[in-house]
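Here's the letter readout for the chains.
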Amino acid sequence: DNHALWDAVGQYEQRLGRWREAVAAHDQAIRLAPMNDPRVPGYYVNRSFAYSGMGDRDAAVNDARQAERLGASLGPAYWKKLGVTPTPADTAQGR
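Here the structure is a predicted model, which is why all the values come from computation and not from measurement.

S.K.: Residues and numbers for the pattern of salt bridges, please.
M.R.: All chains considered together, the criterion is met by 6 salt bridges. Among the salt bridges present, the one from R31 reaches D27, with a minimum N-O distance of 3.9 Å. Taken together, the residues R31 and D27, both in helix 2 (residues 19-32) and 4 residues apart, mark about one turn of the helix. Classification of R31 as exposed rests on a relative accessible area of 56%. Connected through shared salt-bridge partners, D27, R31, R47 and D63 make up one network.

S.K.: Let's hear about the packing of aromatic side chains: which residues, and what values?
M.R.: Tallying each qualifying case throughout the model produces 1 aromatic pair. Where F49 meets Y78, the ring centres are 4.9 Å apart and the plane angle is 80°; that geometry is what we call edge-to-face. Of this pair, F49 sits in helix 3 (residues 40-54) while Y78 sits in helix 5 (residues 76-81), placing them 29 residues apart in sequence. For Y78, a relative accessible area of 11% translates into the label buried.

S.K.: If you had to explain the nonpolar core to someone new, which residues and values would you point to?
M.R.: Counting 22 residues, the largest nonpolar core has Y43, A64, L74, Y78, W79 and L82 as its most contacted members. The set of elements that each furnish at least two residues to this core consists of helix 2, helix 3, helix 4 (57-69) and helix 5. If one sorts the elements of this core by residue count, helix 3 sits on top with 6 residues. Contact partners of A64, with chain neighbours within four places excluded, come to S48, L74, Y78, W79 and L82.

Here is what the cut-offs are and how they apply
In this convention, every chain numbers its residues from 1, walking through the sequence in written order. Totals for whole chains, interfaces and linings use all residues, but because this is a predicted model, local features are given only for residues with pLDDT of at least 70 and pairs of side-chain atoms are given and counted only at 80 or more. As a convention, hydrogens and water are excluded, and side-chain values are obtained from all of the structure's heavy atoms. We define a salt bridge as a contact between a side-chain nitrogen of Lys or Arg and a carboxyl oxygen of Asp or Glu at a distance within 4 Å. Numbering of helices and strands runs from the N terminus, with a helix taken as a DSSP run of H or I at least four residues long and a strand as a DSSP run of E at least two residues long. Type-normalised accessible area, obtained with a 1.4 Å probe on protein chains alone, sets the label of each residue: buried when under 20%, exposed when over 50%, and partly exposed for intermediate values. Side-chain rings of Phe, Tyr and Trp, where Trp is taken by its six-membered ring, are said to pair if the distance between their centres is within 6.5 Å; with planes under 30 degrees apart they count as stacked, over 60 as edge-to-face, and otherwise as tilted. In this text, buried Ala, Val, Leu, Ile, Met, Phe, Trp, Tyr and Cys residues form a nonpolar core when linked through side-chain atoms within 4.5 Å. Between two residues, a contact is recorded if the distance between any of their heavy atoms is within 4.5 Å.

Below you can see the structure in the form of structure tokens.
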């Protein structure tokens, strides 16, 4: 599972605050993973965190939305951090 290793590298780079390297590693994880792998939504979440760390809000929001489309559940606090209100979950629930 090379894709899982790339995701782990991305998370490590994030801990070091090396956002561009983290995004690049998460890109590799997403490219290498079969789309039906249950870890793929998490890869998008992790890349969203890295984009947010870089200050690229639009890319962070896009990846967060893709993660949710693939089955991830992001809490309202993360959407608020990204400046998205109402959150996608609020919209889905008719709030």
